[in-house]
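Here is how the chains run, residue by residue.
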Amino acid sequence: MKAAVFHKMGDISVDNVDDPRLEQDDDIIVRITSTAICGSDLHIYDGFVPQLRDMVLGHEFMGVVEDAGRAVTNVKKGDRIVVPFTIACGHCFFCSQGFHPSCTHTNPEHYGPRGDLLKSKGGGMFGYTDLYGGYNGGQAQYVRVPKANAGPKIIPDGLTDEQVLFLTDIFPTGWSAVKWGKVKPGDSVVIFGSGPVGLMAQKAAWLNGAERVIAVDPLQYRRDKARNVNKVETLDSEDDDLMDKIYDMTNGRGADVAIDAVGMEANRNFLEKAKAVLNVEKGTAKVIEMCTEAVRRNGTVSVVGVYASPYDNFPIHRIFDKGLIMQFGQAQTHMYIDQCFDLVQSGKVVLDDIITHRLPLSRASEAYDMFKNKTDDCVKVVLKPGLDN
Ligand SMILES: NC(=O)c1ccc[n+]([C@@H]2O[C@H](COP(=O)([O-])OP(=O)(O)OC[C@H]3O[C@@H](n4cnc5c(N)ncnc54)[C@H](O)[C@@H]3O)[C@@H](O)[C@H]2O)c1
Ligand SMILES: [Zn+2]
Ligand SMILES: [Zn+2]
C-alpha cells in the first residue's frame, strides 16, 4: 500500500510499504477514506518528539472496516467508522475513569507511572513514535486498529467524511480543553492559538455557554478564519499591549478561563530562542505563561497544546499568587466522542468549515510543508487516498 512515511526531521515521503495485517484477535484493518494532518504531527516532523526509525504517521483518520479479528464485536466488515487517536483497552484502572490516554495496556515497551522524557510514558497512540507504542498511523491507504472493541465509532451514511473526521481528535480536544477549564454560562474564555485545535476550542466554548470568546494568534489569516467561522473576537499575540487589552475586555480582572491551544512550538523572538539554547530547552512554555497572565485570579488554565520537555524559570510564583487551577494532557476522546458526535448529528456544531485543503494522499509531503510553514492560508489539510485513483 501507499503511506506517508516519516524518515527523519523534515522528511516525509509517500512510499510503498507492507499492507497491515491482523495481529491480535481484537484488531481490525481499516481502508482509509479521509485522514488529516495535525499540529501534533508537526512536533514529530520538526524533531520535538523524537522518532529514530521510519514510521507511518497520522492519528486523525476514518474509513471502512476491511477485515476484523474473531474477537471483534463492536464493528464488522463494511462498517464506516471514525477512530479516536489514542489507543485504549477500555477497561483498565485509567480507562474505566475516562482517562483512556493513560491506558495501561497499549504501550508495552514504554509505559510507566513516571512520565519521564524518554521512558515511562502514557498509553499508545496511532503514528506517534516508538515512545507511544510504535503503531503505524493512518496517513495511508490502510491501517491496523488494535483494541477495536473500545475505540471505533460507527458513522451513519447520512453524514459525510468531512462532517465527522474531526471527531477522531481535534473536536474532542477542543471539548476537553473547555471541560477542563470548567467553562460555564457567562464566562469569558481566552484561547491562545487559532489553528485547528484553537478553532475547535472556540466552538466548544460557545456550546458550553461562554459569553465572550477571545482568540489570540500572531497570524492575520488565522484570526480572520476564527472571526469568520466562529464569530469570536481576536487579538494579535505579538501586540505589546496584549495583556492590557485582555484585561480591558474582562472587567480588569482577566478571563475566567485561559486555554493553551498552541504548545511548545509557539512563535519566539531571537532573545527567547537564545535563552532556550542557554537553558538547553526545546521549544518554549511561553503560551502557558501567557495563559497564567491572561486568566483572572482563581481562574482555570487548560492546556491541550503539547509539551515534551522541562522548562526553567516557569512562573510558579504567579500561579501561586493568583491561586490558579490548571489541567493538562492528551484529550479524552474516548470519553467525549459520543457527546461530540451528537452535537454534529443534531446540527448544533459544524466542524468542516475549518478545512482549507483537500489533497490526494500522494501529495502528503507537500501538504506537511504547507501546513508547517503556514503558506497558502493553510489551516487544515485533509488527505484522501481515493483521490489518487
Ligand atoms: N492535547 C491533545 O490531545 C492534543 C490534540 C491535538 C493537538 N494538540 C496540540 O495542540 C496544539 C495546536 O495544534 P494545531 O493543530 O492547532 O496546530 P497549529 O500549529 O496549526 O496551530 C498553532 C497556532 O498557534 C499560533 N501561535 C503561535 N505562537 C502563538 C502565541 N504566542 N500565542 C497565540 N498563538 C500562537 C500559530 O500561529 C498557529 O495558528 C499543538 O501543540 C498540538 O500538538 C493536542
Ligand atoms: Zn491530532
Ligand atoms: Zn485501558
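That block above? That's the structure.
No experiment lies behind these values; they were computed from the predicted model shown.

Brief notes about the coordination of the zinc ion (ligand 2)
On the protein side, the zinc ion (ligand 2) has C38 (SG), H59 (NE2), E60 (OE) and D169 (OD) as donor atoms, found 1.8 to 2.4 Å from it. One can describe the donor arrangement at the zinc ion (ligand 2) as irregular, given that its 4 donor atoms subtend angles of 86 to 137° at the metal. Written as a sequence motif, the donor arrangement for the zinc ion (ligand 2) is C-x20-H-E-x108-D. One end of the pair, C38, is in the loop between β3 (28-36) and α1 (39-45); the other, H59, is in the loop between β4 (55-56) and β5 (60-68), and 21 residues separate them in sequence. Note on C38: relative accessible area 2%, which makes it buried.

Here we look at the sheet that holds strand β14 (residues 325-328)
Hydrogen bonds between backbone groups are what pair the strands of a sheet, and the pairing can be parallel or antiparallel. Ordered by their spatial adjacency, 6 strands build an open sheet running β11-β10-β9-β12-β13-β14, and the pairing between neighbours is parallel. Here the strands that pair on one side only, and so sit at the sheet edges, are β11 (233-235) and β14. Within the sheet, the average angular offset between the axes of one strand and its neighbour, ignoring direction, is 20°. Sheet topology places strand β13 (residues 295-303) next to β14; 4 bridges connect them, and they run parallel. Looking at β14, one finds that S302 is bridged to Q327.

Focus: the coordination of the zinc ion (ligand 3)
In this structure, C89 (SG), C92 (SG), C95 (SG) and C103 (SG) serve as the protein donors to the zinc ion (ligand 3), at separations of 2.3 to 2.4 Å. Relative to the metal, the 4 donor atoms surrounding the zinc ion (ligand 3) lie at angles of 103 to 116°, and the coordination shape comes out tetrahedral. One chain supplies every donor for the zinc ion (ligand 3), spaced along it as C-x2-C-x2-C-x7-C. With respect to burial, C89 and C95 carry one shared label: buried.

Parameters and conventions
- Residues numbered from 1 in each chain as written.
- Chains lettered and ligands numbered in written order.
- Predicted model: local features only at pLDDT ≥ 70, side-chain atom pairs only at ≥ 80, totals over all residues.
- Heavy atoms only, no water.
- Donors = N, O, S within 2.8 Å, 3.2 Å for Na, K, Ca; no water.
- Tetrahedral: all angles 85-135°; square planar, octahedral: opposite > 155°, others 65-115°.
- Helix = DSSP H or I, 4+ residues; strand = E, 2+ residues; numbered from the N terminus.
- Buried < 20%, exposed > 50% of the residue type's maximum accessible area, 1.4 Å probe, protein only.
- Pairing = 2+ DSSP bridges.
- Axes fitted to C-alpha atoms, helices over the stretch in contact; angles between N-to-C directions.

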